[in-house]
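Summary of the model geometry
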Amino acid sequence: MNENDLNRAAETFVGWLQHEIIASARGDDEIQLAVEPAGKFWLGRLAPESSVVARGLGDRGERLDPCACGLRIRTNPGPQAGQCEVRLVLWLQSNTQSRWTKTPKICTTVPIELNPDCPVATFGRQALTAALSLASGAAHFAAEIRVERGLSDESGTEWEITLVNDSQDRDRVVRDTNFYECELRITGLATKPFLLESLPQSFRYDRRVVAYGINCGVDFIPPNELRTIDVPVVSRARPTYWSASTPLPDFRFQTLAEDPLSSSRALLEAMRAWGLEAWGATALDARASSQNWTKAMRAEADVGAMEFERECRRVEKGIRLLEANETLRQSFKLMNRSMTLASRHERWRPFQFGFLLANLSAVVEQTEEASIADIVWFATGGGKTETYLGMILSAAFHDRLVGKSSGVTAWSRFPLRMLSLQQTQRFADALAAGERVRVEAGLVGDPFSLGFFVGSGATPNKISEDPGNGDFDYESDEEVQRARVLLHCPFCRSEDVRTAFDRRLWKLTHHCTNVACWWPKHALPFYIVDDEIYRFLPTVIVGTLDKAAAISMQASMRGLVGAPWGSCSVPGHGYVYAPRAKRPHGCLVPGCNGTRAELPMDPRRYGPTFRLQDELHLLKDSLGAVDAHYEALYDDLQRELCGSMPKILASSATLEGYERQVATLYGRRARVFPQPGPSVAEGFWTTDSTDQMRQYFATAPRGVTLEYAVDRLLTELQTRIRSLIADPAGVCARIGIDPKFALDLISLYGTNVVYGNTIRDLEAVTRSIGTQIAVEGVVNHANLTGRTDFDEVRQTLHRLEHPNPDFASRLHIVTASSMMSHGVDIDRLNIMVMLGLPLTTAEFIQATARVGRTWPGLVIVVPKIGRERDAAMYRCFREFVTQGDRLIEPIPITRRSRRVLERTIAGLALARILILHEPSAPHALTTVSRLRDYLRSGGIVGTSEAAALERLLGFTEDRDAALRADIYDWFDQFQRNLSDPPAGARFPSDASPSGDPMRSLRDVEEQVPVFPRYTT
Ligand SMILES: [Zn+2]
Ligand SMILES: [Zn+2]
């Protein structure tokens, strides 16, 4: 089947769904009802003003069940005249029976005047009320158009024009005095657009807004008609990734694995040619004059042009390196060869390939490059994980080619507690492909492997010989099976992957049961237990950021910043670290009788090449502040142990304030790829296509609860899809699409995601799925939240990716939290109902990007309209969706907080003792007395440690005096506590004047509020 045709059919289908939902919520297609219309219809209605006032909820009540709708406009100074056309219906109950009947549409045109001398005026009361009486046969109904003058200055005047329901409350005679299907059409006024206040002016964006809706959306129909609409709708186009006039260069992995240079040169040539056109002075001057740019905007455009030229030069440099450096070229080719095996696609998108070229210097010029943090900015997703993987694999091959035969190449961190299994799987697939290629190419060294490094809630940190309560029990088959992380074998894709505990080597392994699998050994090169990650130092470690804190208590974390102490002489035991009472030569395998053997390579090579950070924009407030201290610690330790610093690669959904954020977090200069294009819709790397990607609409429920509205939405969505199953020919004919698409559409639109921002909201939805969704047949439901355990997540993902042929056995509704906004990538999820607005605009972008990944998506936002923030979003929904990435809140973050220092200092100090000092000490430094002895012998000097922390945290300016004093005081007190330990003090942490070191970077969240106003 032609994909294009299906895409068109899907667009039509999404449009139809949207139309059906709105019509049903408003009652468009109903003429008679057996139930009260007020309990059924939740869009387009207006309550009588007296009842809204009587409820006494003020503005909030007015938004929850409005008595007026209309719009806010601006006009030139001076009076104006225009027309208002009011359209509405009434629902009347006849006296003899309980049935309700809808009146025909009542249409009345009312002339209005906007007179600046008159702050409030009403129009059309008589005409409207007469029309209502005539239609209803009752005297209960009244309406008027209200015009209120707002702000006024010499440039113009603001006006609010609303239709108000001024009817009496319902009584025994007339049981419902709401208006339904209300609409206001205004013509004849000359308006001046508002400029969206919350957005900075920029040559890239159009900030003009013709009118704002009041309790509704508004449509502008040129030349001068404004119409209220019940749901503001915004459509976003799917990006295309090639906009140059020259043909797309060959970016197939297979081609690039043979010859990476020809396509690279073609790319650069196309960039340059496109830049001359789009960023050239002629083009910019023309836009400046047609769009009335200010001088500042024109200058800003010149800077943009310069940034693009800089991007060209970075790509050019990557090409030169590929030409000149044979080892790099070979690594790059092997990486591309690996992608042929690992990727679902067969080629790079141009921006991905461009990113790789632009960053290749990080692999070979580590020293120069380490001072820059490179950010992949891709607001709508589109393959950044794969881009990372290309970068990491290039570096991993390069490592093997230049003699780094073991150790970690990259540590990739995600800010959330839960890293998605799909994301992990993508890393595993890429590493496995790399491993095949490494073996084929005959490169020596350890196999490429992956470590899964997350908090102990998900996988065990260690496996003890006699597990206590709550410890991982290696003898329990159930626990062993539950620890499974891989969704399929990364080598052969077989889903028959098992976990097992290998007692002899003390490993919790994943293994593939497919006899034809390429992987020759039993255990897959994949580690999920912290101890095994330390023992085997996988090529790539993927995990959650909170683990960084472990370094202050875990001497074996040394392998992530430098060399282990040695290797165990027993084959299969891996690296060894600081000796402890139970592990006399530092081997982490319980009861090991081996000895400490030499390292297989130069200790200074162990430092990772990359530290990656996904979702950089989430590192803010206290989490960001605390992480900034730990990032500085990791850099410092690696510098001391290896004389190198890792390159930081990060991805971010926003470019708002990223430079300062990166400077604070990493002490590095920030660079972004790709640079934004000359306008929102057009850039070299992406340009809007004619295909629809996602349709967004916002529905503010009127007079009913949010829960009711969500139940109704889900009912409608499920009813429509089920009607398509029952009668494909009939329904397709009605929609106007070929019935041959029915099966595909049922699969693509049969599952609805309900995205909630609080567990409470999601629980409420879950409760009502069983009882309130009134459809034929069963409704199957699953959860994807931070509380869902791994096994369930895996099963749900499986069900979504491999739908049962029988619709009744599929998943129909998935309730999800922000957990799913990260890395869940399923083509069949195309409809999302979003319950309330997420706390950040970034999350809105991330969450809604989960639907419509390949096919047209539908996002239905149900704002919690009582909340001011949601109401504000609803008022400028269109701008919110199209320019949301500019509305992203600047990221509050500081590293200069004394309260944060108080939380981190113990961890920083103890980490330096364990990682840097203990190897030179004659004995372990794990007890108060041992550490005190070592200090007394002069092995560690408190003041020089304090100086080291001061330096690594960068507290070197005058304004940092208080922070510096805190550091010195801490060490002073620490030494005193060691000499004269508090009662019961055994471990060095017991002597910490500021309490235990943090166990997880997450510990801080509830404890240290860092307010933006304290940031520097
Ligand atoms: Zn396999
Ligand atoms: Zn051993």
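Before any of the text, the structure's been laid out above.
The notes below deal with the structure included here. (Residues numbered from 1 in each chain as written. Chains lettered and ligands numbered in written order. Predicted model: local features only at pLDDT ≥ 70, side-chain atom pairs only at ≥ 80, totals over all residues. Heavy atoms only, no water.)

Before going further, it helps to examine the pattern of salt bridges. By the definition in use, this model includes 61 salt bridges. Arginine 146 is the salt-bridge partner of glutamate 49, the closest N and O atoms lying 3.0 Å from each other. With glutamate 49 in helix H2 (residues 49-55) and arginine 146 in strand E8 (residues 143-153), this residue pair connects regions lying 97 residues apart in the sequence. What makes arginine 146 buried here is its relative accessible area of 18%. (Salt bridge = Lys/Arg side-chain N within 4 Å of Asp/Glu carboxyl O. Helix = DSSP H or I, 4+ residues; strand = E, 2+ residues; numbered from the N terminus. Buried < 20%, exposed > 50% of the residue type's maximum accessible area, 1.4 Å probe, protein only.)

With distances of 2.2 to 2.3 Å, the protein atoms coordinating the zinc ion (ligand 1) are Cys489 (SG), Cys492 (SG), Cys512 (SG) and Cys517 (SG). Considering all 4 donor atoms around the zinc ion (ligand 1), the spread of angles at the metal, 101 to 115 degrees, places the coordination shape in the tetrahedral class. Positions of the donor residues of the zinc ion (ligand 1) along the chain correspond to the pattern C-x2-C-x19-C-x4-C. Of this pair, cysteine 492 sits in the loop between helix H15 (477-482) and strand E20 (497-502) while cysteine 517 sits in the loop between strand E21 (507-512) and strand E22 (526-527), and the two are 25 residues apart along the sequence. Looking at cysteine 492, the relative accessible area reads 25%, which means it is partly exposed. (Donors = N, O, S within 2.8 Å, 3.2 Å for Na, K, Ca; no water. Tetrahedral: all angles 85-135°; square planar, octahedral: opposite > 155°, others 65-115°.)

Here we come to the pairing of strand E17 (residues 372-377). Side-chain direction in a regular strand flips from residue to residue, so the side chains alternate between the two faces of the sheet. Burial analysis of E17 places 6 of its 6 residues in the buried class, which makes it a mostly covered element. Of the two faces of E17, the one lined by Ile372, Asp374 and Val376 and the one lined by Ala373, Ile375 and Trp377 are each fully buried. Where E17 lies against strand E29 (residues 669-673), 5 bridges are found, and the strand directions are parallel. Each residue of the ladder has a partner; that of valine 376, found in E29, is phenylalanine 673. Sheet analysis places E17 next to strand E28 (residues 647-652), joined by 5 bridges and oriented parallel. Paired with isoleucine 375 across the two strands is alanine 650, which belongs to E28. (Pairing = 2+ DSSP bridges.)

Under the counting rule described, the total for this entry stands at 32 aromatic pairs. Ring geometry for tryptophan 274 versus phenylalanine 684: centroids 5.6 Å apart, planes at 65 degrees, classification edge-to-face. Residue tryptophan 274 is located in helix H6 (residues 260-278), and its partner phenylalanine 684 is located in the loop between E29 and strand E30 (687-698); the two are separated by 410 residues in the primary sequence. Accessibility expressed as a relative area gives 2% for phenylalanine 684, which makes it buried. Aromatic ring contacts, followed pair by pair, group Trp242, Phe251, Trp274, Phe308, Phe332, Phe353, Phe355, Phe673, Phe684 and Trp685 into a single cluster. (Phe/Tyr/Trp six-rings, centres within 6.5 Å; stacked < 30°, edge-to-face > 60°.)

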